[in-house]
Amino acid sequence: VAGLNWLAEQMTRHELSVRVQCQAREVKLAEEQAVLLFQSIRELLINIAKHAECPEALVLLDIVDDTLIVSVSDAGKG
């Protein structure tokens, strides 16, 4: 979650405001899983910045029945 908050701050370089919400109390992942998740979310946010014509995005994390659920959304076109 700390890494995603850092990423959200970095996305201002792309003129994208990102809000990160974590519903889970704690998210534990193996390092390689955390890196893959971070890179995937970064790519989604960059695509939003490039194509959605929307200044804001939302990243939600939650754990339901021991399954990590990640949602990246925007209100842009497409």
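Described in the following lines is the structure provided in the data block. (Residues numbered from 1 in each chain as written. Predicted model: local features only at pLDDT ≥ 70, side-chain atom pairs only at ≥ 80, totals over all residues. Heavy atoms only, no water.)

1. As for the overall build of the protein
Here comes step 1: Of regular secondary structure, the protein possesses two helices and three strands.
Here comes step 2: Mapped in sequence order, the helices and strands of the protein form the string α-β-α-β-β.
Here comes step 3: On C-alpha atoms alone, the protein measures out to a radius of gyration of 12 Å, which is about the 12 Å that the 2.2 N^0.38 rule sets for 78 residues.
Here comes step 4: Along the longest, intermediate and shortest principal axes, the C-alpha atoms of the protein span 35 × 20 × 15 Å.
Here comes step 5: Partitioning the contacts of the protein with sequence separation of at least 6, the portion at a separation of at least 24 is 67%.
Here comes step 6: A total accessible area of about 5,600 Å² is found for the protein, and carbon and sulfur atoms account for 48% of it.
Here comes step 7: In the protein, 7 side chains carry a positive charge and 12 a negative one; their mean positions are 4 Å apart. (Helix = DSSP H or I, 4+ residues; strand = E, 2+ residues; numbered from the N terminus. Rg over C-alpha atoms; globule rule 2.2 N^0.38 Å. Contact = heavy atoms within 4.5 Å. Areas by Shrake-Rupley, 256 points an atom, 1.4 Å probe, with all protein chains shown as cover. Lys, Arg positive; Asp, Glu negative; His and termini not counted. Charge placed at Lys NZ, Arg CZ, Asp CG, Glu CD.)

2. A look at the pattern of salt bridges
Here comes step 1: Tallying each qualifying case throughout the model produces two salt bridges.
Here comes step 2: In this structure, the salt-bridge partner of Glu 26 is Lys 28, at a minimum N-O distance of 3.6 Å.
Here comes step 3: Classification of Lys 28 as exposed rests on a relative accessible area of 67%.
Here comes step 4: We note a salt bridge from Lys 77 to Glu 53, for which the minimum N-O separation is 3.2 Å. Separated by 24 residues along the polypeptide, Lys 77 in the segment after strand E3 (67-74) and Glu 53 in the loop between helix H2 (31-52) and strand E2 (56-64) bring together distant segments of the chain. Glu 53 shares its class with Lys 77; the two are exposed. (Salt bridge = Lys/Arg side-chain N within 4 Å of Asp/Glu carboxyl O. Buried < 20%, exposed > 50% of the residue type's maximum accessible area, 1.4 Å probe, protein only.)

3. A short note on the environment of Leu 58
Here comes step 1: Within the fold, Leu 58 resides in strand E2.
Here comes step 2: Along the primary structure Leu 58 and Gly 76 are separated by 18 residues, whereas in three dimensions their C-alpha atoms are 12 Å apart.

4. Some thoughts on the sheet that holds E2
Here comes step 1: As summarised here, the arrangement of the three strands in space is E1-E2-E3, forming an open sheet in which the pairing is mixed. At either margin of the open sheet sits one strand with a lone partner, and together these are strand E1 (17-22) and E3. Across the sheet, the mean angle from the axis of one strand to that of its neighbour is 15°, orientation sign disregarded.
Here comes step 2: Of the strands in this sheet, E1 and E2 are in contact with helix H1 (residues 2-10), which crosses E1 at around 165°. (Pairing = 2+ DSSP bridges. Axes fitted to C-alpha atoms, helices over the stretch in contact; angles between N-to-C directions.)

Geometric descriptors of this kind do not, in isolation, establish any biological role.
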